[in-house]
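Architecture at a glance
Listed here are the chains, written in short residue letters.
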Amino acid sequence: MTTDQHADESAPVGARAQGDLVSSAAGTTIERVEVLVTNPTRNFVTLRITTSDGVTGLGDATVNGRELAVVSYLRDHVAHLLEGRDPWRIEDTWQYLYRGAYWRRGPITMSAIAAVDMALCDIKGKVTGQPVYQLLGGATRAGLLAYGHASGAEIPQIFESVHEHLEEGYRAVRVQTAVPGLGQVYGVAAAGASGAGRYDYEPARRGLRPTEEQWDTRAYMRHLPTVFEAVRAEFGPELPLLHDGHHRMTPNQAGQLGRSLEPYDLFWLEDCTPAENQEGLRRVRALTSQPLAIGEIFNSIWDYQTLITEQLIDYVRSAVTHTGGITHLKKIMDFASLYQIRSGFHGPTDISPVGQAAALHLGLAIHNFGIQEYMRHSDETLSVFRTSYTFTDGLLHPGDTPGLGVEYDDEAGAAFEYSPAYLPVNRLTDGTMHDW
Ligand code: GCO
Ligand code: MG
């Protein structure tokens, strides 16, 4: 801390100009801001901030299928605002970008802010020599229960996929199924893929147009309970089973489905209905006691206000990446803790290893952790992002490397060029556009 800064401290608050506030980083400033785009089996956008002391921090800014919008937001509108700022003032920088933009919320803005927030947490961790979870209050558990994605077209493939997950150490499994009479369903490995074939890297998702899938809610609602009956009978009462409804039902249908799944004791039913209308969940709650998880497409605490205060959900599904970073998701979780609502942070492979590491640090520190989604990234992805988190006996741990514990390999990253890829679209059998 310089003498001049002490002098500023004694000045009347109103007389201090912005930037004169006492710096915790002893004069260190943000010197360089880079936006890195790579495509090691899928596209990722990463923010790298370098301080005048040469310390770097990483943030995930990936919005699947709309990646370049965040690249432009960061490169054209945010990078130069950060240069010269104090890297230690994380909350102030968050408010500067959120309030300063005037155009609040939304996935692009909130992912850009999230990337800055993560990178600054990474830097503070590295400078203090602490893993980020220590800056958040320290560990409140030994490790984080994780769930993986099992799926299949028919019951034998689903069983095989669940078995493979158990062999990999998972202690909780999400189960997605094809629906008789329908073609490819999102979240299910393509028919013909053996066992735990993965849907997230399928080549059909690449190119300049989304693939079109077909949907029939009644057929799905009839079929799903038969799958869970079979899976529960095969794997016994203990294994936590999860399912993602991917916003495809009305509140009434969601309530009916929840009720028909109750005998199979699901850990949660996710995104049973689109939740832009938060009050719609009152109807679901009135019909079923099925635990509910919502929020992977939310990006601010306001999206949860009714859901949390009326206890209409059990799990917060947000990603650190899409919800304004560690700083904002921590606020959501503290708010949720007042209502005994727990975390189930989003962690599919479109969250980069940087975003995943951020979720693990936050999950380890908060008291109301519930479960963490975890799909292992491809070897190509892990050659670009060197991680220090671990997955042992079904439990994730962020590791004790200072900061977030992820390093970005520029040379490896440059070898994978961006190429457009889209999430699918979905139509009802009569051609009407539907949620997928
Ligand atoms: C999940 C999600 C994902 C999303 C994907 C979109 O629960 O993991 O629903 O599979 O669809 O993140 O980019
Ligand atoms: Mg989901």
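Just so it is clear, the model here is predicted, and its values are computed rather than measured.

1. Quick notes on the site of ligand 1
- Close to ligand 1 lie 16 residues, the nearest being Asn-64, His-246, Glu-296, Arg-317 and Glu-373.
- Within the side chain of Tyr-199, an N or O atom sits 3.5 Å from an oxygen atom of ligand 1.
- Within the contact set of ligand 1, an oxygen atom lies 2.9 Å away from a side-chain nitrogen or oxygen of Asp-350.
- A total of 340 Å² of accessible area belongs to ligand 1 in isolation, and the protein chains cover 95% of it.
- When its residues are assigned to classes, the shell around ligand 1 shows 5 nonpolar, 4 polar and 7 charged.

2. Notes on the coordination of the magnesium ion (ligand 2)
- On the protein side, the magnesium ion (ligand 2) has Asp-244 (OD), Glu-270 (OE) and Glu-296 (OE) as donor atoms, found 2.0 to 2.2 Å from it.
- Counting the intervening residues between successive donors of the magnesium ion (ligand 2) yields the motif D-x25-E-x25-E. Separated by 26 residues along the polypeptide, Asp-244 in strand 7 (residues 241-244) and Glu-270 in strand 8 (residues 268-270) bring together distant segments of the chain.
- Judged by its relative accessible area of 2%, Asp-244 is buried.
- Residue classification places Glu-270 among the buried positions, given a relative accessible area of 0%.

3. Let's talk about the sheet that holds strand 2 (residues 44-51)
- Taken together, the 3 strands give an open sheet; going across it, the order is 1-2-3, and neighbouring strands pair in antiparallel fashion. The open sheet is flanked by strand 1 (30-38) and strand 3 (56-60), the only strands paired with a single partner. The sheet shows a mean angle of 20° between the axes of neighbouring strands, direction not considered.
- Pairing of strand 1 with strand 2 involves 8 bridges; the strand directions are antiparallel. Opposite Ile-30, over in strand 2, you have Thr-51 as the bridge partner.

4. Considerations on the packing of aromatic side chains
- This structure, assessed with the given rule, holds 17 aromatic pairs.
- Relative to Tyr-98, the ring of Trp-94 lies with its centre 4.8 Å away and its plane at 25°, an arrangement referred to as stacked. Within this pair, Trp-94 and its partner Tyr-98 are both found in helix 3 (residues 90-100), separated by 4 residues, close to a single helical turn.
- On the basis of an interplanar angle of 50° and a centroid distance of 5.0 Å, the ring pair of Tyr-374 and Phe-391 is categorised as tilted. Highlighted residues: Tyr-374 in the loop between strand 12 (371-373) and helix 13 (379-384) and Phe-391 in strand 14 (residues 390-392), separated in sequence by 17 residues.
- When its relative accessible area of 23% is taken as the criterion, Phe-391 is described as partly exposed.
- Following the ring pairs from residue to residue traces out a cluster consisting of Tyr-147, Phe-267, Trp-268 and Tyr-315.
- In this structure, Arg-248 packs its charged tip against the face of Trp-215, placed 4.3 Å from the ring centre.
- Geometry around Trp-94 places Lys-331 over its ring, the cationic atom sitting 5.8 Å from the centre.

So, how was this worked out
- Residues numbered from 1 in each chain as written.
- Chains lettered and ligands numbered in written order.
- Predicted model: local features only at pLDDT ≥ 70, side-chain atom pairs only at ≥ 80, totals over all residues.
- Heavy atoms only, no water.
- Near = heavy atom within 4 Å.
- Polar contact = N/O pair within 3.5 Å; in protein donor to acceptor, adjacent residues only side chain to side chain.
- Areas by Shrake-Rupley, 256 points an atom, 1.4 Å probe, with all protein chains shown as cover.
- Nonpolar A, V, L, I, M, F, W, Y, C, P; charged D, E, K, R; others polar.
- Donors = N, O, S within 2.8 Å, 3.2 Å for Na, K, Ca; no water.
- Helix = DSSP H or I, 4+ residues; strand = E, 2+ residues; numbered from the N terminus.
- Buried < 20%, exposed > 50% of the residue type's maximum accessible area, 1.4 Å probe, protein only.
- Pairing = 2+ DSSP bridges.
- Axes fitted to C-alpha atoms, helices over the stretch in contact; angles between N-to-C directions.
- Phe/Tyr/Trp six-rings, centres within 6.5 Å; stacked < 30°, edge-to-face > 60°.
- Lys NZ or Arg CZ within 6 Å of the ring centre and 35° of its normal.

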